[in-house]
Amino acid sequence: MSGSIVVQIEAVLPQLPESERKAAQYILAAPEEVSKLSIHVMAEKAGTSAAAITRLCRSLGLTGFPDLKVRLSVDNAKPQKPGYYDIERGETVHNVIQKTVANSLQAIQDTVLHLQPELIEEVVGLFRKAPVIYMYGVGASGIVAADAAQKWLRLGKQASALQDGHLLAAALASAPADALFMGVSYSGNTKEVVQLFRVAKQYGVHSIGISRFGNHKVSELADTMLYTPLAPEATLRSGATGSRLAQLVVIDILFFAYASTQFEETIARLGQTHEAISFLK
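Residues numbered from 1 in each chain as written. Predicted model: local features only at pLDDT ≥ 70, side-chain atom pairs only at ≥ 80, totals over all residues. Heavy atoms only, no water.

Here we look at the packing of helix α2 (residues 18–29) against helix α5 (residues 50–59)
Move 1: Viewed as axis vectors pointing N to C, α2 and α5 meet at an angle of 80°, and their least axial separation amounts to 8 Å. Relative to α5, the element α2 lies roughly perpendicular. In this structure, α2 contributes S19, E20, A23, A24 and I27 to the contact, and α5 contributes A52, I53, R55, L56 and S59.
Move 2: In the contact of α2 with α5, the residues fall into six nonpolar, two polar and two charged. (Axes fitted to C-alpha atoms, helices over the stretch in contact; angles between N-to-C directions. Helix = DSSP H or I, 4+ residues; strand = E, 2+ residues; numbered from the N terminus. Parallel < 35°, antiparallel > 145°, perpendicular 65-115°, else oblique. Contact = heavy atoms within 4.5 Å. Nonpolar A, V, L, I, M, F, W, Y, C, P; charged D, E, K, R; others polar.)

A short note on α2
Move 1: Taking 1.5 Å of rise per residue, the twelve residues of α2 would be expected to cover 16 Å, and the 16 Å separating its terminal C-alpha atoms lies within 8% of that figure.
Move 2: Among the residues making up α2, those that are buried are E20, A23, A24, Y26 and I27. Buried residues of α2, seen end-on, are gathered within an arc of 160° and therefore sit on one face of the element. Exposed residues lying more than 90 degrees from the buried face of α2 are E18 and A29.
Move 3: At its buried positions, α2 is contacted by α1 (5–12), α3 (31–34), α4 (39–46), α5 and α6 (65–77). (Expected span 1.5 Å × (residues − 1). Buried < 20%, exposed > 50% of the residue type's maximum accessible area, 1.4 Å probe, protein only. Arc of directions from axis to C-beta.)

Side note on the packing of aromatic side chains
Move 1: Scanning the entire structure with this criterion turns up five aromatic pairs.
Move 2: Their ring planes at 65° and their centres at 4.7 Å tell us that F127 and W152 sit as a pair that is edge-to-face. Here F127, found in helix α8 (residues 117–129), pairs with W152, found in helix α9 (residues 140–153); they are 25 residues apart in sequence, far enough to count as distant. Considered together, F127 and W152 belong to a single accessibility category, that of buried residues.
Move 3: On the numbers, 5.8 Å between centres and 90° between planes, the contact of W152 with F255 is edge-to-face. Remark: F255 occurs in helix α13 (residues 238–261) and W152 occurs in helix α9; sequence separation between them is 103 residues. (Phe/Tyr/Trp six-rings, centres within 6.5 Å; stacked < 30°, edge-to-face > 60°.)

As structure tokens, then:
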């Protein structure tokens, strides 16, 4: 399963350099035609260069122009153009349900475009070695950080999602060797998150960023990046809802990948923590 490449091109279009933007605009105008063209013919038709098209493919997280054509063919075969839908005035409950589910599915499918298995394996290895993991986010991203922390706590890891940035900065300054900092920010430019990435870098703490696809402060500062889809801005923030879901999916994938590498220990730990909290029921 893969997400819509057309949706991703639309989302990153304003950020692209002029030469790549020309190629992107031509793709959006004629996706069916592009799926059948050679890279040189498309470059001529779009008024750009083959090199610019190759750079665009890399910007989209693709392996090259053939990969782009495959993604376009998949989109073209769909009966309805994929995308994100905002809630309009006076929507029926039926429409609200349909649009919310469609946005959620689209966010999950588009997440697949940017998750590289080798990076997941790298992060799992870092988590396995880390004596302590600090996680941080603001607002909805804070919920994602808290969810991640409780998952790894149940597996016996010293994981925390401190909400006080000053305390977290102090913790990073005295962190042991192989400690990790994971910062979550959809925009990639949240002031508090960016500042803590700088603190982590200053004190040699390996940092992992979870943010939208594209160039931003988090992608510049993080040692390892995990990307989620860039959803179009919406009046009622349906894009933010989708981004939160995409971030949670990334955490779930990391958790299950981590758990599968030490399955017996994971089952034992989960059993212990389940028993420990049973008295609260």
